[in-house]
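# Architecture at a glance
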Amino acid sequence: MTRLSVNINKIATLRNSRGGNNPNVVKTALDCEAFGAQGITVHPRPDERHIRYQDVLDLKQVVTTEFNIEGNPTEAKFIELVLTTRPAQVTLVPDALGAITSNAGWDTITHRDRLIDLVQIFKGAGIRVSVFVDPIEKMVEGAKICGADRVELYTEPYATEYPEDPEKAVASYVKAAKVAQEVGLGLNAGHDLSLENLRFLKEKIPHLDEVSIGHALICDALYFGLENTIQMYLRELEV
């Protein structure tokens, strides 16, 4: 079974645009769980322009499904936050400071020593560690060497190429997924996955452990409603 983790960053973005607490981030997370989501993902950034550090602390108190915190582990404040909240999973993402959204995976060869140290810190606290990587076989192998439990494949290139040539778009992901399976890594995927392209990815990579979806899902919820949208995404994974 592939788990659906809903990234609620966009809910926080909307809230922050007006101040106050509407929409309520914590209530949205609880609603997502009630509507069938099997996980909640947040990606706090240093400027707290969407998810705030206090949101993470608050969510830890109430989330009963899998809690996944994404972020740049070179930020000391991020490391402290993860160690304080001890989520089920931390996803290490090499965000550039001020980046609008994640736009590349780790070079697990160049940054091997740093990643080894970070993975040991989080695993020592009993947290499963996933490393965000591009669909490149040697980067997947490098994540294994670093001690990661899983990799998350960065799927924006897949989503961009999918409308023109689905088979070509998914080819490198199938190869990377095969390597992950061979070396004993769990497999996640995320970024720009949608109702349009999710089923095909799942069909080609049936052993996906988890997909993390935020932007497209929240956009769809504006038209279909949050409960219905989550059910629609879950159905796309039932292949």
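Residues numbered from 1 in each chain as written. Predicted model: local features only at pLDDT ≥ 70, side-chain atom pairs only at ≥ 80, totals over all residues. Heavy atoms only, no water.

## Concerning the nonpolar core
Under the convention used in this document: Here, nonpolar core means buried Ala, Val, Leu, Ile, Met, Phe, Trp, Tyr and Cys residues that are tied together by side-chain atoms lying within 4.5 Å of each other. Relative accessibility thresholds used throughout: buried, under 20% of the residue-type maximum; exposed, over 50%; partly exposed, between the two (1.4 Å probe, protein chains only). For helices the rule is a DSSP run of H or I covering at least 4 residues; for strands it is a run of E covering at least 2, with both sets numbered from the N terminus onward. Whether two residues touch is decided by their heavy atoms; if any such pair falls within 4.5 Å, the residues are in contact.
The biggest cluster of nonpolar side chains holds 71 residues, and the ones touching the most others in it are L4, I8, L92, V140, Y158 and V211. For this core, the leading source of residues is helix α8 (residues 166-183), giving 7 residues. Beyond its immediate sequence surroundings of up to four residues, L92 is in contact with G71, P73, W106, L115, L118, V119, F122, V129, S130, V131 and F132.

## Brief notes about unusual backbone geometry
Going from N22 to P23, the amide bond is cis rather than trans, its omega being 5°. Checked against the element boundaries, P23 lands in the loop between α1 (9-18) and α2 (25-34). Here R86, not a glycine, exhibits a phi torsion of approximately 45°, which is positive. Note that R86 resides in the loop between α4 (76-85) and β4 (89-92). Residues other than glycine seldom take positive phi values, yet H191 does so here, at roughly 115°. Classification of H191 as buried rests on a relative accessible area of 15%.

## Observations concerning the pairing of strand β2 (residues 39-42)
Rule in force here: Strand pairing follows a simple DSSP-based rule, namely that at least 2 bridges must link the two strands. By the criterion used throughout, a crossover qualifies as right-handed when its path from the first strand across the helix to the second strand runs clockwise, the strands pointing away from the viewer.
Residues G39 and T41 line one face of β2 and the alternating positions I40 and V42 line the opposite face, and both faces are buried. In this sheet, β2 lies alongside strand β1 (residues 3-7) in parallel orientation, the contact comprising 3 bridges. What sits directly across from S5, in β2, is G39. Relative to strand β3 (residues 66-71), β2 runs parallel, the two being bridged by 4 bridges. Considered in β3, the bridge of I40 is made with F67. Traced from β2 through helix α3 (residues 53-60) to β3, the parallel crossover comes out right-handed.

## Quick notes on the packing of aromatic side chains
Applied cut-off: Working definition: a ring pair exists when centres of Phe, Tyr or Trp rings (six-membered ring for Trp) sit within 6.5 Å. Plane angles under 30 degrees give stacked, over 60 give edge-to-face, the rest tilted. By definition here, charges over rings are those cases where NZ of Lys or CZ of Arg is within 6 Å of the ring centre and within 35 degrees of the ring normal.
Applying the stated criterion across every chain yields a total of 4 aromatic pairs. Arranged with centres 5.4 Å apart and planes meeting at 55°, the rings of F132 and Y154 form a pair that is tilted. Separated by 22 residues along the polypeptide, F132 in strand β5 (residues 128-133) and Y154 in strand β6 (residues 150-154) bring together distant segments of the chain. Both residues of the pair, F132 and Y154, count as buried. A network of ring pairs unites the aromatic residues Y158, Y162, Y173 and F200 as a single cluster. When the ring centre of Y53 is taken as origin, the NZ or CZ atom of K77, which lies over that ring, is 4.3 Å away.

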